[in-house]
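Structural description and commentary
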Amino acid sequence: MAPKTMFEKMWDSHIVHEEEGQPTVLYVDLHLVHEVTSPQAFDGLRMNNRKVRRPELTVATADHNTPTWELTKPIIDPIAKAQLDALDKNCDEFGVTLYDRFSPLQGIVHVIGPEQGYTQPGKIIVCGDSHTSTHGAFGAFAMGIGTSEVEHVLATQTIRQFKPKTMEIRIDGTLGKGVTAKDVILAIIGKIGIGGATGHAIEYTGEVMRNMSMEGRMTVCNMSIEGGARAGMVAPDDTTFEYMRGRAQVPQGDEFDAAVEQWRNLATDEGATYDTVVTIDGSSLEPHLTWGTNPGMEGPISGKVPNPASYEDAGDRESIGRALEYMGLEPDTLMTDIKLDRVFIGSCTNSRIDDLRAAANIAKGKKVSDSVYAMVVPGSAAIKKQAEEEGLDKIFTEAGFDWRIAGCSMCLGMNPDILSPGERCASTSNRNFEGRQGKGGRTHLVSPEMAAAAAIAGHFVDVRDW
Amino acid sequence: MEPFIKHNGAVLPLNRVNVDTDQIIPKQFLKRIERTGFGQFLFNDWRFLEDGSPNPDFILNKPGYENASILVGGRNFGCGSSREHAPWALLDYGFKCVIAPSFADIFFNNCFQNGVLPVVLPEETVNQILEKAEANPGYQLHIDLDGQRVWDEDEEIVSGFEIESFRRYLLLNGLDDIGLTLERDDEIATFEANRSTHGGVLTGD
């Protein structure tokens, strides 16, 4: 048999129906649901008198517009409340498991899937959210879909897809001190551009990925969509299996070991080829941050804000000029001279226990700058609990960070956590689009370490010197 | 879903690259539980000033573009969030077609699900259309989906375009694909039955 990539193995093993000129009907193993992109889909089912085909393969949580202060307070925004109520009602009516905002297992959908063990190698996983690519860190084919597709999956447990091309992104070498998974993915997006992987499923390979923790792999895969990719994935290995072992929804005991033997077969075969190959030298990377209004507008901490005048392409000059105007930045400013008003540590990109430990390690015994308001929002109620058991909450609060309850929070500001116009924020999230964190707000994407250090200094610093 | 067969309408030239779905419909408007009513919020942060009045510098607010139904934008249109609220907002406002040199995958797919036709044209052609529409508010294009052709009144712009035949068929007939997939119920059931013999663990074999 011809050698296959991991992606091709997963594609081939999920084909329900294929026909020339039509999108292939693929079986979906896990469908994750949240309150923002599902109400219209459930409505569609009701209007057509359809059921959820496999409610036991469907899991819902409330994350996008849940408040992150006290749980006991009522939700002020009546429209947000209506949406959360709709999720309750829909899950009840259609028999779908829901981790509501009061559940001890509640959290950001892309955090709780892996945490509970729903996310497993070889699965096709979909969710009405573009950051579904996160789950690819386990060797799954995981992709974001629109609400009409959510309805399609609810009704049929399948999805129709035109086959994407494959792209290998190989990161060789060893990351230096203070250089993280976030810096790797920012550097990748900077290199390929935000449309660079459109129409492709990415597999991240190389020594850097092999040595990376599951949290780090999730950070990398999470932002695949910021390069335009349909999905991002990493071959499962012992790091994956050790992370999964014993989690609530994975097979237990001998069954787990048997599953591991199957999962090992997923890795790309020797001799298989990708449509595109990109290589990055991990050893030469430094901490990165964004300076503009999309994740591809980024650069190393030792550098400067670019000068549009130095670009040849008129389109580049125009878009960089516009971005700098929005961001309120002068060309050629040193990255370390950029001052901050806010710091946000959280989101499906960087809110896991490793991320919080890394940030706490930087913040320990220090004080947040007087000019900065900083908040930490754990990715799930379980991570919050674990962090509190480890005393991380104390480190943060003693340093002057606000310690919140789990949710998407200021990554997209659907709940009350938003930036005011003109405010500048160092954020561990995934998008620095105009207005993403609040109309007129200015977002710089960074790693948890860089965010914590910036909170204390009041401006960006190179964490390698911390 | 309304079928899309032919369309003739005025062009809104949105001369920007990487227009993301956060701009098309900002997050504060995603809390509605219906598919309708999003048009009033289309491009909200570009379209309105702090005090809520229309931003006179934004193209949609300039005289002559009020009735545009064909949006023409730069490359990588619709990148970012998977929110289907983006095509819902475009459709609700009155746009039937979006033309760009390239689209982000999820947005592209979401358009088809709602009877909005996304057309990929060469960047050079898109730039010509942008120029003409910026110089002449009310500049019109004709789009024929069956013939896969775009042209303007004086035929200075004439271009074919590619589209998968399956997508074209669904749009021409105003069909959604759930009904079609449900016709494959036996095949889905067979797949499920075979899979359970693997103990629910997929191997990739």
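Here goes a summary of the coordinates provided. (Residues numbered from 1 in each chain as written. Chains lettered and ligands numbered in written order. Predicted model: local features only at pLDDT ≥ 70, side-chain atom pairs only at ≥ 80, totals over all residues. Heavy atoms only, no water.)

This part is about the packing of aromatic side chains. All names here are of chain B. As enumerated under the stated definition, the model contains 20 aromatic pairs over all chains in all. Through a chain of ring-to-ring contacts, the aromatic side chains of Phe77, Phe103, Phe107, Phe108 and Phe112 assemble into a single cluster. The ring of Phe38 carries Arg32 above its face, with NZ or CZ at 5.7 Å from the centroid. (Phe/Tyr/Trp six-rings, centres within 6.5 Å; stacked < 30°, edge-to-face > 60°. Lys NZ or Arg CZ within 6 Å of the ring centre and 35° of its normal.)

On to the interface of chain B and chain A. Listed per partner, the contact involves 60 residues of chain B and 73 residues of chain A. Both sides together, the interface formed by chain B and chain A hides about 5,500 Å², and carbon and sulfur atoms give 53% of it. Contact with chain A buries surface across chain B, with Lys27, Lys31 and Ile178 of chain B losing the most and accounting together for 13% of the total. Counting across the chain B and chain A interface gives seven salt bridges. (Contact = heavy atoms within 4.5 Å. Buried area = accessible area lost by both parts, 1.4 Å probe. Salt bridge = Lys/Arg side-chain N within 4 Å of Asp/Glu carboxyl O.)

Residues and elements named next belong to chain A. With respect to the secondary-structure elements, Lys384 resides in helix H13 (residues 381-389). Given a relative accessible area of 18%, Lys384 falls into the buried group. Among the polar contacts listed, one links the side chain of Lys384 to the side chain of Glu388, at a separation of 2.9 Å. When near neighbours in sequence (up to four residues on either side) are disregarded, Lys384 contacts Pro378, Trp403, Arg404 and Ile405. (Helix = DSSP H or I, 4+ residues; strand = E, 2+ residues; numbered from the N terminus. Buried < 20%, exposed > 50% of the residue type's maximum accessible area, 1.4 Å probe, protein only. Polar contact = N/O pair within 3.5 Å; in protein donor to acceptor, adjacent residues only side chain to side chain.)

Our focus in this paragraph is the sheet that holds strand S18 (residues 424-427) of chain A. Residues and elements named next belong to chain A. Spatial strand order, S17-S16-S15-S18-S19: five strands in an open sheet with parallel pairing. Single-partner strands in this sheet number two, and they are strand S17 (402-403) and strand S19 (442-445). For strand S16 (residues 373-376) and S17, the ladder comprises two bridges, and the chain directions are parallel. Within S17, the position partnered with Met375 by the bridge is Asp402. Most of the contacts of helix H15 (residues 448-457) go to strand S15 (residues 342-345), to which it runs at about 150°, and overall it touches S15, S16 and S18. (Pairing = 2+ DSSP bridges. Axes fitted to C-alpha atoms, helices over the stretch in contact; angles between N-to-C directions.)

With respect to the helices and strands, Arg101 of chain A occurs in the loop between strand S5 (97-99) and helix H4 (109-116). C-alpha separation for the pair Arg101 of chain A and Leu329 of chain A, spaced 228 residues apart in sequence, amounts to 39 Å.

Evaluation of the coordinates by the stated rule reveals 38 salt bridges over all chains. Notably, a salt bridge pairs Arg342 of chain A with Glu423 of chain A, separated by 3.0 Å at the nearest N-O pair. Taken as a pair, Arg342 of chain A in strand S15 and Glu423 of chain A in the loop between S17 and S18 lie far apart in primary sequence, 81 residues in all. Under the relative-accessibility criterion, Arg342 of chain A is labelled buried at 11%. A cluster of three or more residues bridged by salt bridges with shared partners is formed by Arg53, Arg54 and Glu56 of chain A together with Asp185 and Glu192 of chain B.

To continue, consider helix H5 (residues 123-135) of chain B. All names here are of chain B. If you check H5, its first and last C-alpha atoms are 18 Å apart, about what 13 residues at 1.5 Å a residue would give, namely 18 Å. Taken together, the buried positions of H5 are Thr125, Val126, Ile129, Leu130, Lys132 and Ala133. Of the surrounding elements, those touching the buried residues of H5 are strand S1 (6-14), strand S2 (70-73), strand S3 (97-100), strand S5 (140-144), strand S6 (149-152) and strand S7 (158-160). (Expected span 1.5 Å × (residues − 1).)

Turning our eyes to something else, we now look at the environment of Gly303 of chain A. All names here are of chain A. Residue placement: Gly303 occurs in the loop between strand S14 (298-300) and helix H11 (314-327). On the basis of relative accessibility, which here comes to 18%, the residue Gly303 falls in the buried class. The spacing of Gly303 and Ala137 is 166 residues in sequence and 30 Å in space, taken between C-alpha atoms. Apart from residues lying up to four places away in sequence, Gly303 is in contact with Thr333, Leu334 and Met335.

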